[in-house]
Amino acid sequence: TQQERENIATPDALLQREQRYIGTVIHLALQHITHTGYQHWTHSRILQQQPIWKAQLQQKGISPLSLNKALDAVELAINNTLNDPTGQWLLNNQHISSECELELWDNKGQHIIDRTFIEKNNSDTSNGTSSTIRWIIDYKNSQPSEDQSIEAFTKEQIQLYKGQLERYKKLFKDEDNTIKAALY
């Protein structure tokens, strides 16, 4: 198209880029929250963090016209995660082998695991021992479209990222753990 030949970004391309930048800042924030302990993240702490998130968004290239909306998206994602029992479980840094943004390499290249840890599974006592589960979590900031149900959106996201999660699981295949992967 003419826009491509002239190297002019389309509105859709700009929106996708801004969503990636927002996602990057959310990932950084979740990593920081995990390392510092989610229990310490009160409303006032989140307010104190806003200038940092705003600066990160600006550094990534969020346009001034979109900056407040992008900052709101980061804050909403962080608040939703901190107020969700599953989110708190994911952010808990007391898990065994707790890692955020873990870089691993294989013959296909570099892989960055957003969140991983080992959980003791005390419910499997059939053989008198407890088993462990290696959790691999891939954070996503995607939202359903206006005309899409949550069920359809969830199914679409699982299908979209199934291959990626399977690749991540293979990176841990030599561990003596049950391996589970999920989107959050």
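Everything below is about the structure shown above.
Residues numbered from 1 in each chain as written. Predicted model: local features only at pLDDT ≥ 70, side-chain atom pairs only at ≥ 80, totals over all residues. Heavy atoms only, no water.

Trainee: How would you explain the nonpolar core if you had to name every residue and give the values?
Mentor: Within the largest apolar cluster, 27 residues are counted, with the highest numbers of intra-cluster contacts made by W53, L57, V74, I78 and L82. Of all elements in the fold, only α2 (11-36), α3 (43-60), α4 (67-82), α5 (85-91) and β3 (131-138) reach the threshold of two or more residues within this core. Not counting the four nearest positions on each side in its chain, I78 is found in contact with I26, A29, L30, I33, I46 and W53. (Core = buried A, V, L, I, M, F, W, Y, C linked by side-chain atoms within 4.5 Å. Buried < 20%, exposed > 50% of the residue type's maximum accessible area, 1.4 Å probe, protein only. Helix = DSSP H or I, 4+ residues; strand = E, 2+ residues; numbered from the N terminus. Contact = heavy atoms within 4.5 Å.)

Trainee: I'd like to hear about the sheet that holds strand β2 (residues 109-121), residue by residue, with values.
Mentor: Two modes of strand pairing occur in sheets, parallel and antiparallel, and in both the strands are linked by backbone hydrogen bonds. Taken in spatial order, the four strands of this open sheet run β1-β2-β3-β4, and their pairing is mixed. Only two strands of the sheet have a single partner each, and these edge strands are β1 (96-106) and β4 (178-183). Within the sheet, the average angular offset between the axes of one strand and its neighbour, ignoring direction, is 30 degrees. The sheet contacts of helix α6 (residues 150-170) involve β2, β3 and β4, and relative to β4 the element is tilted by about 145 degrees. (Pairing = 2+ DSSP bridges. Axes fitted to C-alpha atoms, helices over the stretch in contact; angles between N-to-C directions.)

Trainee: Can you tell me about the packing of aromatic side chains, naming the residues and giving the values?
Mentor: Ring pairs (aromatic) are described by centroid distance and by the angle formed between their planes. If you walk through the whole model with that rule in mind, you get two aromatic pairs. Ring centres 5.1 Å apart and planes at 90 degrees place the aromatic pair W89 and F117 in the edge-to-face group. Here W89, found in helix α5, pairs with F117, found in strand β2; they are 28 residues apart in sequence, far enough to count as distant. Among the residues examined, F117 registers a relative accessible area of 0% and is labelled buried. With centroids separated by 5.3 Å and ring planes inclined at 85 degrees, the aromatic side chains of W89 and W135 adopt a geometry described as edge-to-face. Here W135 lies in strand β3 and W89 lies in helix α5, a separation of 46 residues in the sequence. (Phe/Tyr/Trp six-rings, centres within 6.5 Å; stacked < 30°, edge-to-face > 60°.)

Trainee: Requested: an account of the pattern of salt bridges, with residues and values cited.
Mentor: One pass over the structure, following the stated rule, counts three salt bridges. One salt bridge connects E175 with R134, and the closest N-O pair in it is separated by 2.8 Å. Placement of E175 in the loop between α6 and β4 and of R134 in strand β3 is noted, with a sequence separation of 41 residues between them. Across the pair D138 and K140 runs a salt bridge, and its minimum N-O distance is 2.9 Å. (Salt bridge = Lys/Arg side-chain N within 4 Å of Asp/Glu carboxyl O.)

Trainee: Can you tell me about the pairing of β1, naming the residues and giving the values?
Mentor: Inspection of the sheet shows β1 paired to β2 by eight bridges, in the antiparallel sense. Along β2, the bridge assignment pairs W105 with Q110. What sits between β1 and β2 in their antiparallel hairpin is a turn of two residues.

Trainee: Explain the environment of S97 to me, and be specific about the residues and the numbers.
Mentor: Within the element layout of this structure, S97 appears in strand β1. Separated by 21 residues in the primary sequence, S97 and I118 have C-alpha atoms spaced 5.9 Å apart. Apart from residues lying up to four places away in sequence, S97 is in contact with T116, F117, I118 and R134.

Trainee: Any details on the layout of surface pockets? Residues and values, ideally.
Mentor: In this model, the largest pocket occupies a volume close to 1600 Å³. If you go around the largest pocket, you meet 39 residues; those closest to its centre are Q19, K140, N141, S142 and Q143. The element best represented in the lining of the largest pocket is α2, accounting for 12 residues. By residue class, the composition of the lining of the largest pocket is 18 nonpolar, 15 polar and six charged. (1 Å grid on protein atoms, 1.4 Å probe; cavity = no way out; pocket = protein on both sides within 12 Å on 5 of 7 lines; lining within 4 Å. Points joined across faces, edges and corners; volume = space filled by probe spheres on them. Nonpolar A, V, L, I, M, F, W, Y, C, P; charged D, E, K, R; others polar.)

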